[in-house]
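Residue strings, one per chain:
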Amino acid sequence: MADESQTDKPSVLRETDDEARRLARMLVRGARYMALAVLDPETGFPSVSRALTGIDVDGVPVILVSALSGHTKGLVADPRCSLLAGEPGKGDPLAHPRITVQALAESVVRDTPDHARIRSRFLDRHPKAALYADFADFRFFRIVPQSASLNGGFGRAYVLAGADLIIPEPGTAPDWLELSKSLKSMIDAAEKLAARLGAKNGRNWRFAGVDRAGIDIVGGDLQLRHEFDELAASPEAVLDYLFTMSKVQ
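Residues numbered from 1 in each chain as written. Predicted model: local features only at pLDDT ≥ 70, side-chain atom pairs only at ≥ 80, totals over all residues. Heavy atoms only, no water.

**Q** Help me get a handle on the nonpolar core, residues and values and all.
**A** Among the nonpolar cores identified, the biggest contains 27 residues, and Leu 36, Ile 63, Leu 75, Cys 81, Ile 99, Ile 143 and Leu 150 are the most heavily contacted of them. Put simply, the parts of the chain that give this core at least two residues each are helix H2 (18-29), strand S1 (33-39), strand S2 (46-55), strand S3 (61-66), strand S4 (80-85), strand S5 (98-107), strand S6 (138-151) and strand S7 (157-161). In contact with Leu 36, other than residues within four places in its own chain, are Ser 47, Val 48, Ser 49, Ala 51, Ile 63, His 71, Leu 75, Cys 81, Ser 82 and Leu 83. Core analysis: the second largest hydrophobic core is formed by 17 residues, Leu 179, Trp 205, Ala 232 and Leu 242 among them. (Core = buried A, V, L, I, M, F, W, Y, C linked by side-chain atoms within 4.5 Å. Buried < 20%, exposed > 50% of the residue type's maximum accessible area, 1.4 Å probe, protein only. Helix = DSSP H or I, 4+ residues; strand = E, 2+ residues; numbered from the N terminus. Contact = heavy atoms within 4.5 Å.)

Now the structure itself:
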């Protein structure tokens, strides 16, 4: 017989709704870096480090790491890993949203279309990484979400599926890469988007990546993610959206 004292306890989890999914995507896709946890191949203990992160066209987080680092050795030995995203602000750090993503790491093979795409998108977000991205001992990993635990603040806990963080039918990658190149010259539109998003700091705003789900802008050391209300049907639809947005005061 089930213990009534256990079955009668209210669940600490809320039902996962679209608002929770949107917050989860914003936390992951808007992060410039995340905490990365791997299993140490020598001791078996969890090991945590910090890694710069990018996002592939399907929303999967991407990292660039050296073969000499401990976390790379851990990922090669066991692809199971976790990411933690979400930055504290004023007051109690636990009152601010954060998400832990359980994932499987996939090494990206050099001299392939996947590598070229991921490299381009990553450097759009982290241009200084161009200094070492092509070193022989560096490689990219796609960190493919399997499940996630979202804490939106006190009393707002949710469990998400890995699919909640992935963009379905991401579209033809070369078309989106071409759009990213076109956006680099649209400085005025980036400044206007930053203003609409309420950016109070940062300067020299520029677009730093785009996909069917949203667009990234970077100003100095700050990065903002803007998610569209619906998945964009095409790169042309994004340009139309930005043109309309720039005309609305």
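**Q** So what about unusual backbone geometry? Which residues, and what values?
**A** Phi is positive for Asp 111, which is not a glycine, with a value near 60°. Within the secondary structure layout, Asp 111 lies in the loop between S5 and helix H4 (113-125). Taking the relative accessible area as the measure of exposure, Asp 111 reaches 80% and is therefore exposed.

**Q** Could you give me a rundown of the pattern of salt bridges, with the residues and numbers involved?
**A** Evaluated as defined, the whole model comprises 18 salt bridges. A salt bridge links Glu 227 to Arg 25; the shortest N-O distance between them is 3.5 Å. Linking Glu 227 in strand S10 (residues 222-227) with Arg 25 in helix H2, this pair joins segments that are 202 residues apart in sequence. Look at Glu 227 and you get buried, because its relative accessible area is 3%. Between Arg 121 and Asp 211 there is a salt bridge, with the nearest N and O atoms lying 3.6 Å from each other. Of this pair, Arg 121 sits in helix H4 while Asp 211 is found in the loop between strand S8 (206-210) and strand S9 (214-219), placing the two residues 90 residues apart along the sequence. Like Asp 211, Arg 121 is buried. Linked by salt bridges that have partners in common, Arg 25, Arg 29, Arg 121, Arg 125, Asp 211, Asp 216, Arg 225 and Glu 227 make up one network. (Salt bridge = Lys/Arg side-chain N within 4 Å of Asp/Glu carboxyl O.)

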